[in-house]
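Overview (structure and organization)
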Amino acid sequence: MNPLQAWQHWQENCESPDNYINFGFYSLVAAACERRVWLTTSRGPVYPNLYTVLVGPAGVGKGQVIKPVIEILREFKKPDTDTSIEGLNDDVQGIAKLFNLNPKGMRVPVGPESATLAALLNIMPSLTRPMTFNSKPSCYTAIFLGLEELTTLVNGEDVVKDFLLAAYDCGHFRRELKCSRPVTIINMCLNFLAGTTPDTFREVMGTRCLTDGFTSRTWFIYADKKRKFCLEKSLTDSMLLARGEVVRFIQKIVDLSGALELDPEAFSYIKSWYETV
């Protein structure tokens, strides 16, 4: 059983469409890669971050895919980090630490499920982390967002789209704020898996979405109905084992860093896809 098959087996009771489930796994892998791995090309490094939006009517199962992606990423804790959350009492702090709810304490930081640009600009500068490649020091700032409603972040405003374009290219972002010091995010990397309905997206983005730079960088995965109705929600032993396989696979990715090389079969496939799509 390969990692994708293990993910699919773990999600056997999930009612969501197959294409949602598959792209949930791809988003999980991309999030685990952060900005630590890349492909070297003649035009510079290419990072594997993904913008993925699950599109469909309400009740199709978008959230059923987004939640387990977040669940797996929160498995990986960053050691020796103060994960206290401001404003919580001691009893609740313990629960928050148990479930690894503070992005600063995560190996792969996961942002709030209802994120605005202001919230991202507030938290991302504190997530910059060091890395070394070929004995040269560097750093990166990565975050994953699992948004049950895309338009909490993507609201049609130009400043949001400017941020999303810079984040997709894994560059720097600097913004002057009226009421506080400027915000600078170094070597940022944003992955998100979000949901929306066609009507909501159309209402927020309007006709501009057809030619917008954000939409040209985003995978929109559409389905109009669940693949099945499942009342059996308990996990079998084999499904729990499959979940463990997924966790171990993502652990390997979390520990990776540096330039990757495509094997000949992968190179041939990507070349063919790039030239024909």
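Read on for an overview of the structure. (Residues numbered from 1 in each chain as written. Predicted model: local features only at pLDDT ≥ 70, side-chain atom pairs only at ≥ 80, totals over all residues. Heavy atoms only, no water.)

1. What about the packing of aromatic side chains?
Tallied over the full model, the rule gives 14 aromatic pairs. Aromatic side chains Trp7 and Phe25 sit 6.1 Å apart centroid to centroid with 45° between the ring planes, which places their arrangement in the tilted category. Remark: Phe25 occurs in helix H2 (residues 18-33) and Trp7 occurs in helix H1 (residues 3-10); sequence separation between them is 18 residues. When its relative accessible area of 1% is taken as the criterion, Trp7 is described as buried. (Phe/Tyr/Trp six-rings, centres within 6.5 Å; stacked < 30°, edge-to-face > 60°. Helix = DSSP H or I, 4+ residues; strand = E, 2+ residues; numbered from the N terminus. Buried < 20%, exposed > 50% of the residue type's maximum accessible area, 1.4 Å probe, protein only.)

2. Focus: a nonpolar patch on the surface
Nonpolar side chains collect at one region of the surface, where Trp219, Leu262, Phe267, Tyr269, Ile270, Trp273, Tyr274 and Val277 lie side by side and expose about 910 Å² of accessible area between them. Residue contributions to the nonpolar patch peak at five residues, all from helix H10 (residues 264-276). With respect to the helices, strands and loops of the structure, Val277 is situated in the segment after H10. (Patch = residues over 30% accessible without salt bridge, like charges linked within 9 Å, V, L, I, M, F, W, Y side chains within 5 Å. Areas by Shrake-Rupley, 256 points an atom, 1.4 Å probe, with all protein chains shown as cover. Salt bridge = Lys/Arg side-chain N within 4 Å of Asp/Glu carboxyl O.)

3. Things to note about the side chain of Asn13
Relative to the elements of secondary structure, Asn13 occurs in the loop between H1 and H2. A polar contact is formed between the side chain of Asn13 and the backbone oxygen of Ser234, at a distance of 2.9 Å. With residues near it in sequence (within four places) discarded, Asn13 still touches Lys228, Cys230, Glu232, Lys233, Ser234 and Met239. (Polar contact = N/O pair within 3.5 Å; in protein donor to acceptor, adjacent residues only side chain to side chain. Contact = heavy atoms within 4.5 Å.)

4. Describing the nonpolar core
Membership of the largest hydrophobic core comes to 36 residues, with the highest contact counts inside it found for Trp7, Leu28, Ile72, Leu73, Phe144 and Ile250. Elements that contribute at least two residues to this core include exactly H1, H2, helix H3 (62-73) and helix H9 (237-254). For this core, the element with the most residues is H2, which contributes nine residues. Filtering out sequence-adjacent residues up to four positions away, Phe144 remains in contact with Ser27, Ala31, Val69, Ile70, Leu73, Pro109, Val110, Gly111, Asn191, Phe192 and Leu193. Counting 30 residues, the second largest nonpolar core, distinct from the first, contains Ile143, Leu145, Ala167 and Ile185. (Core = buried A, V, L, I, M, F, W, Y, C linked by side-chain atoms within 4.5 Å.)

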